[in-house]
Amino acid sequence: MAKNKLTREEALAFHLEPTPGKFEIAATVPMTTQRDLSLAYSPGVAVPCEEIAEHPALAYDYTNKGNLVAVISNGTAVLGLGNLGALASKPVMEGKAVLFKRFADVNSIDIELDTEDPEAFVNAVKLMGPTFGGINLEDIKAPECFIIEQQLKEVMDIPVFHDDQHGTAVICAAGLINALFLSNKKIEDVRIVLNGAGAAGIACLELLKSMGAKHDNCIMCDTKGVIYQGRTEGMNQWKSAHAASTSLRSLEEAMAGADVFLGVSAKGAVTQDMVASMADNPVIFAMANPDPEITPEEAHAVRPDAIVATGRSDYPNQVNNVLGFPYLFRGALDVHARAINDQMKIACAEALARLAREDVPDEVAMAYGQKLSFGRDYIIPTPFDPRLIYTIPPAVARAGMETGAARRPIIDMDAYEVSLKSRMDPTASILRGINARARNAQARMIFAEGDDPRVLRAAVQYHRSGLGKALVVGRDNDVKEKLEALGLGDAVRELEIVNAAKTGRLEEYKEFLYNRLQRKGFDRHDIHRLAARDRHVFSALMLAHGHGDGLVTGATRKSAHVLELINHVFDADAHHGAAGVTALLHKGRIVLIADTLVHEWPDEEDLANIATRAAGVARDLGLEPRVAFVSFSTFGYPRSERAEKMHRAPKVLETRGVDFEFEGEMTVDVALNVTAQESYPFQRLTGPANILVVPARHSASISVKLMQEMGGATVIGPILSGVDQPIQICSSNFTSNDILNMAVLAACKVG
């Protein structure tokens, strides 16, 4: 996987649009009537207040405390940028809050404290304790981070967790468990060298010692060399606790014969000679970011027997904190824990290690574009493994209960695991899988409208995201000027600009098009005008001749008109079975609506074709299709001539013997609601429909736009299905990100 190249403009736009920041607060109760307001605030709110005053533990029942974590920083150690201050740390803290929600459904809010005084910091956080179920400290420089965390643990009765320390330690421990297993070594026997005596390094060594690593076998180094007993220069109480009784004085000396190297230091801190001097089957965790102490290529060049992990996503065995902190807090919150103790951290590490040894689901392999199996290049689960949410929190919760940290033990762990599975948004894994498949395909994507800034930005993003080669149809000077206006002038070298007037293939294209259209009223002049002057037709001709692998068009013209032009080159009309399928993503659900592009007023045969096309799209997206033919009537009532075709369409599918669920006709609420379906015990759907086949294109358009504007649904499509080549047609109101999504779908050949 190529490392993504992100520009400052892209990063700023991501944080600015569609609204400033990365999350918002939404109400979980109705707030529409006077009664709602009375219950939510005065006078109804007085009742839970009185209950909590008498029984404080009820705050977990009547407020959001039990699922609310504060991400708190003073900005003194922001990423690798240093002391930027509290305000400048806010984008990072917002990002951390979003990760809590995305990976473990933990609500989180960021708090930036404008002080470098540990005492003031501790007092501020302590006073906020009643609000939250847990505290996640972030980006606080050492040694103040040690002082702050320890004091807060002493005065607060909720988990306090400094992720920069313990998050790295937990994932490091998980990876090391499996690396030592593969090396046939035991933690109590191995010699460990750690380079980087900051917060993360000290936490890593402390956790490993609590797991059985022997103090005398562990050497800690900093920029001044080995931390040994009697050293005074650059020391503090936290380093002193790990000072070794040794004559070794340099990292190079310490590495000789070592079984394990742990690096949380700086790029290039480890040389190939150091690696060569290590013991057989060495374990190297070079976790410096963004560049490791030594790259896997450099390490394996001198030690093919090494097991190597880094902090980078473009190498195997990524040590990524997101594997830990969301699930640690999920488990701790669910037992109303007083703290996250060492046993809970060890339980998390051991559960991660066990998960990596299990068979990897196909959906994970598909998402990463390769088959993953436990071994030297897969000792840590991937961050997007869907099993994490229902594997790690139960292990953490059990440890919390066994050690007395839990206030409210979980009685039925099986039911708890089932509830965890239902927390996750399936749309995220589906979209991630599509992007991974596109990255693996490396398709040459044709962007037909190179004069549009949105299209150019999408083309640049396509290339820089490592998805493949972007071919932009347009005039060289025009494309260059527009890229410069976007602040992307350097991207002109990354794109392949295709000008119809300069290509040597135009005559070949024109001959092909003339042979298709000569009996449809088109003469040679018409053909030249279409092939040489219409970018939609020219781009389609490029695709037809294999001069690209996919096509994205339609951002500057009405989709119906673009489809008509595409149909000159490909059979992309209703007569040939094409259909448009739009995906709606809303509150963790995906519903496909069809046909949103091709058929104006389909009959029952057309509707059956549309259903089959939509089922194919659903399977391309990783969904098992359940089709509902929807109308304003349900199974014959009220009777209407316009609903008759929706009644007949399922019968057409019955005669075809299709391999997916279908039912109809029915209203939308029956299609999407299991409870409503129970009123019709004869109906065949085994759950909510995920494909709605609607009576006509106008009803499809109304449905999609209503959900988008009123419901806030994310819209992907319409996805063109039933055409020989991967072509996706955008809408004229699409953003650059929407256009990029359509390119990804084309690269995956969805449809």
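Residues numbered from 1 in each chain as written. Predicted model: local features only at pLDDT ≥ 70, side-chain atom pairs only at ≥ 80, totals over all residues. Heavy atoms only, no water.

**What to know about the overall build of the protein**
Item 1. In terms of regular secondary structure, the protein is built from 31 helices and 21 strands.
Item 2. A compact globule built from 751 residues should have a C-alpha radius of gyration of about 27 Å, and the protein, at 30 Å, falls within 12% of that.
Item 3. Structurally, the protein occupies a C-alpha span of about 95 × 70 × 45 Å along its principal axes.
Item 4. A buried classification covers 53% of the 751 residues belonging to the protein.
Item 5. Considering only contacts within the protein whose residues lie at least 6 apart along the sequence, 70% involve residues at least 24 apart.
Item 6. Summed over its atoms, the accessible surface of the protein is roughly 33300 Å², and 51% of this surface lies on carbon and sulfur atoms.
Item 7. Here the protein contributes 77 positively and 96 negatively charged side chains, and the mean placements of these two sets differ by 3 Å. (Helix = DSSP H or I, 4+ residues; strand = E, 2+ residues; numbered from the N terminus. Rg over C-alpha atoms; globule rule 2.2 N^0.38 Å. Buried < 20%, exposed > 50% of the residue type's maximum accessible area, 1.4 Å probe, protein only. Contact = heavy atoms within 4.5 Å. Areas by Shrake-Rupley, 256 points an atom, 1.4 Å probe, with all protein chains shown as cover. Lys, Arg positive; Asp, Glu negative; His and termini not counted. Charge placed at Lys NZ, Arg CZ, Asp CG, Glu CD.)

**Concerning empty space enclosed by the protein**
Item 1. Per the stated rule, a full pass over the model turns up 1 cavity of 30 Å³ or more.
Item 2. The volume enclosed by the largest cavity comes to roughly 30 Å³.
Item 3. Lining the largest cavity are V715, I716, G717, F734, D738, N741 and M742.
Item 4. Elements represented by at least two residues in the lining of the largest cavity include exactly β20 (714-721) and α31 (736-747). (1 Å grid on protein atoms, 1.4 Å probe; cavity = no way out; pocket = protein on both sides within 12 Å on 5 of 7 lines; lining within 4 Å. Points joined across faces, edges and corners; volume = space filled by probe spheres on them.)

**Points about the UniProt feature "binding site: a divalent metal cation" (unreviewed entry) in the protein**
Item 1. The sites that UniProt annotates as "binding site: a divalent metal cation" (unreviewed entry) are E138, D139, D164 and N289.
Item 2. Ignoring anything within four residues of it in the chain, the contact list for E138 reads V71, I72, S73, M93, K96, H162, D163 and D164.
Item 3. Take D139: it is sitting in the loop between β3 (134-137) and α7 (144-155).
Item 4. With relative accessibility at 4%, the residue D139 sits in the buried group.
Item 5. Once residues lying within four places of it in the same chain are set aside, the contact partners of D139 are S73, N74, G75, T76, A77, V78, L79, V92, M93, H162 and D164. (UniProt positions renumbered as here; feature names shortened; annotations may be inferred.)

**Regarding the nonpolar core**
One broad rule of soluble globular proteins: the nonpolar side chains tend to lie buried together.
Item 1. In terms of nonpolar packing, the biggest core is built from 98 residues, with I135 and F285 touching the most fellow members.
Item 2. Among the elements that make up this core, the one with the highest residue count is helix α8 (residues 163-183) (9 residues).
Item 3. With residues up to four places along the chain from it excluded, the contact list for F285 reads C172, G175, L176, F261, L262, G263, A309, V319 and I379.
Item 4. Formed by 64 residues, the second largest nonpolar core is a distinct cluster that contains V455, L486, A491 and A608. (Core = buried A, V, L, I, M, F, W, Y, C linked by side-chain atoms within 4.5 Å.)

**A few points about the side chain of E449**
Item 1. Along the chain, E449 falls in the loop between β11 (445-447) and α20 (453-464).
Item 2. Apart from the residues lying within four places of it in its own chain, the contact partners of E449 are V455, V473, R535, H536, T553, G554, A555, T556 and R557.

**Some words on the pairing of β3**
Item 1. Here β3 shows a buried face lined by G134 and N136 and a second buried face lined by I135 and L137.
Item 2. Of the strand pairs in this sheet, β3 and strand β4 (residues 160-162) are connected by 3 bridges, and their pairing is parallel. Within β4, the position partnered with I135 by the bridge is V160. (Pairing = 2+ DSSP bridges.)

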